[in-house]
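Chains, contacts and geometry: an overview
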Amino acid sequence: MTAMPFSHIAGTGSAVPERILSNHELEKIVDTSDEWIMRRTGIKERRLSSTGKHESTADLGTAAARRAMEIADISERQIDTIITSTVTADRITPSAACLIQHQLEANHAAAFDVSAGCSGFTYGLELADASIRAGKAETVLVIGAERLSTFVNWQDRGTCVLFGDGAGAIVISARDAPGGILSTHIRSDGALWDLLYCEDGNPGPPDILNYIKHIPFHIKMEGNRLFKKAVAFMADIALQSLAQNKLVRDDIAIVIPHQANLRIIQAISEKIDIPMDRFYTNLHRYGNTSSASIPLAMDEAFRQGLIKKGDHVLLVSFGAGLTWGAAVIQWSI
Ligand code: ACO
């Protein structure tokens, strides 16, 4: 394998489960209202995966990967590495990436998971870019695939209204031509781990959601403190990325932020002085899909014609750990 210095996005794909859970349905499960959820988060509905319907984390990741491979026009034999970011793999071991490799029959690849909370996709992107630049791989699949519905305590209105399931994927190809991934930045602060973590025990979903797989852990979150950290850290790393690439706000065609809360995204828009009409959001339809949120949004924005060849795209992520990250990409397709 000859080292080629640039990592280009060659294809994007996404997949979400069929079942839609609206805010109005949630009103029957916990003491909440469509009005509260919309006003405080911007979320209108989310997707929930059903057991026995080919909607496992690996199934969703595989479907997203196939769509990205179609656009990239590559076969499974060309894939050197599969990196899946997830906090909700179907099994503790093997990794979601290995299960996806099996479904894709990508027998020549090395496959592994990255666990970096909702920032996992930007972590995967950094690893993929580094291995391409080092000449270790020519074609890498980076996937974000999650089923947060399995980890949610459906009796806790402070968290169960926020999360949803889905997957997004990209194919990255080594090329000689300049462009592609221009920079990646990843950061973490383990001292803040207890703002968002998984704890033992879970009462399980209510009867009307009995199609959800039940995991004996649940998410605990200090929403208010996380909110402030999310805004500060994402704005800071976004500005650092622009400075490193000598880009100004008008050079950025589109920002794809982690989709946790519309108010967080609006606050970042103000802090980095890029108007909201250049931020892509789809959290009203999917809620927070953790590390799937950025590749899922990126795929939608691309398929809607909002990202064009040569555009500068800014990704910015934040999640449990705490972790956060950013990437600047010059679009290649
Ligand atoms: N419906 C109705 N009322 C609710 C609900 C709900 N679903 N949830 C909380 N409330 C109530 C609270 O009990 C509280 O009531 P009180 O004033 O009587 O005590 C009131 O609403 C306000 O609660 P806050 O938690 O202060 O509300 P806030 O405006 O902070 O919004 C939210 C909560 C939406 C969770 C917000 O803090 C947030 O989005 N934080 C960031 C979360 C985040 O980004 N998490 C993920 C990052 S990492 C990752 O993506 C996994």
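Residues numbered from 1 in each chain as written. Predicted model: local features only at pLDDT ≥ 70, side-chain atom pairs only at ≥ 80, totals over all residues. Heavy atoms only, no water.

1. Examining the nonpolar core
Quick reminder of the rule: Nonpolar cores were defined as sets of buried Ala, Val, Leu, Ile, Met, Phe, Trp, Tyr and Cys residues, with membership established by side-chain atoms within 4.5 Å. Under the scheme applied here, a residue whose accessible area is under 20% of the maximum for its type counts as buried, over 50% as exposed, and between as partly exposed, the area being computed with a 1.4 Å probe on protein chains only. Note on conventions: DSSP H or I runs of at least 4 residues are helices, E runs of at least 2 residues are strands, and numbering of each starts at the N terminus. Any two residues whose heavy atoms approach within 4.5 Å are treated as being in contact.
In this structure, L26, W154, L209, I272, L314, F318 and L322 are the most contacted members of the largest nonpolar core, which totals 50 residues. Elements supplying a minimum of two residues to this core: α7 (223-244), β11 (252-257), α8 (262-272), β12 (312-319) and β13 (323-330). A total of nine residues in this core trace back to one element, the largest contributor, which is α7. Setting aside chain neighbours within four positions, we find L209 in contact with R19, L21, I29, L48 and W154. Residues V140, Y280, I329 and W331 belong to the second largest nonpolar core, which totals 31 residues.

2. A word on helix α4 (residues 96-104)
Our working rule: Arc definition: directions from the helix axis to the C-beta atoms.
Of all the residues in α4, the buried ones are A96, A97, I100, Q101 and L104. Around the axis of α4, the buried residues are gathered within 140° of arc, so they sit on the same side. Those residues of α4 hidden inside the fold are in contact with α3 (57-72), β4 (81-85), β5 (110-114) and β6 (139-147). The positive-phi residue at the C-terminal boundary of α4 is E105, with phi of around 60°.

3. Re the site of the ligand
The condition that has to hold: Residues are counted as near a molecule or strand when any one of their heavy atoms sits within 4 Å of it. Polar contacts, as counted here, are pairs of nitrogen or oxygen atoms within 3.5 Å of one another; within protein the pair requires one atom able to donate a hydrogen and one able to accept it, and residues that are adjacent in sequence qualify only if both atoms are side-chain atoms. Surface exposure here means Shrake-Rupley accessible area, sampled with a 1.4 Å probe, where a residue is shielded only by the protein chains that are shown. Under the convention adopted here, Pro, Cys and the residues Ala, Val, Leu, Ile, Met, Phe, Trp and Tyr are nonpolar, Asp, Glu, Lys and Arg are charged, and Gly plus all remaining residues are polar.
Taken together, the neighbourhood of the ligand is formed by 25 residues, with T32, R40, C118, N261 and N288 sitting nearest. Residue R157 places a main-chain N or O atom 2.9 Å away from a nitrogen atom belonging to the ligand. Here an oxygen atom of the ligand and a side-chain polar atom of N224 are 2.7 Å apart. Surface burial for the ligand is 74%, taken as the share of its 1000 Å² of free accessible area covered by protein chains. Those elements giving two or more residues to the shell around the ligand turn out to be α2 (34-41), α6 (157-160), α7, α8 and β12. In terms of residue count, α7 provides more of the shell around the ligand than any other element does, four residues in total. Residues of the shell around the ligand, tallied by class, amount to 12 nonpolar, nine polar and four charged.

4. Remarks on the state of the cysteines
Put simply, the test is: For this text, the term disulfide refers to a pair of cysteine sulfurs within 2.5 Å.
Throughout the structure, instances matching the rule amount to zero disulfides. For the unlinked cysteine C160, the closest cysteine sulfur is that of C198, found at 15 Å. Given a relative accessible area of 0%, C160 falls into the buried group.

5. With respect to the pattern of salt bridges
Where we set the bar: Put simply, a salt bridge is a Lys or Arg side-chain nitrogen that is within 4 Å of an Asp or Glu carboxyl oxygen.
Overall, the coordinates contain 13 salt bridges when judged by the stated rule. E25 is paired through a salt bridge with R19; the nearest N and O atoms lie 3.0 Å apart. Using a relative accessible area of 25% as the deciding quantity, one classes R19 as partly exposed. Between D250 and R249 there is a salt bridge; the shortest N-O distance is 3.8 Å. Within the structure, one salt-bridge network assembled from shared partners comprises R249, D250, D273 and R278.

6. Thoughts on the pairing of strand β7 (residues 165-175)
The cut-off we apply is this: At least two DSSP bridges between two strands are required for those strands to pair.
The buried count for β7 comes to 10 of 11 residues, which makes it a mostly enclosed element. Pairing between strand β1 (residues 6-15) and β7: nine bridges, direction antiparallel. Counterpart to S14 in the pairing with β7 is G168. Sheet topology note: the β6/β7 ladder contains nine bridges and is antiparallel. Following the sheet pairing, V142 is matched in β7 by I170.

7. Notes on the packing of aromatic side chains
The cut-off we apply is this: Under the pairing criterion, centres of Phe, Tyr and Trp rings, with the six-membered ring standing for Trp, must be within 6.5 Å; the plane angle then separates stacked pairs below 30 degrees from edge-to-face pairs above 60, leaving the rest tilted.
A full pass over the atoms with the stated rule returns five aromatic pairs. Judged by centre distance (6.4 Å) and plane angle (50°), the ring pair of F233 and F318 falls under tilted. Of the two residues, F233 is situated in helix α7 and F318 in strand β12; the sequence distance between them amounts to 85 residues. For the pair F233 and F318, one class covers both residues: buried. Both rings, one in F233 and one in W324, keep their centres 3.9 Å apart while their planes meet at 20°; by these two values the pair is stacked. Of this pair, F233 sits in helix α7 while W324 is found in strand β13, placing the two residues 91 residues apart along the sequence. In this structure F233 comes out as buried when scored by relative accessible area, which is 18%. Owing to a relative accessible area of 4%, W324 belongs among the buried residues under this scheme. Every member of this aromatic cluster is reached through a ring pair, and the members are F233, F318 and W324.

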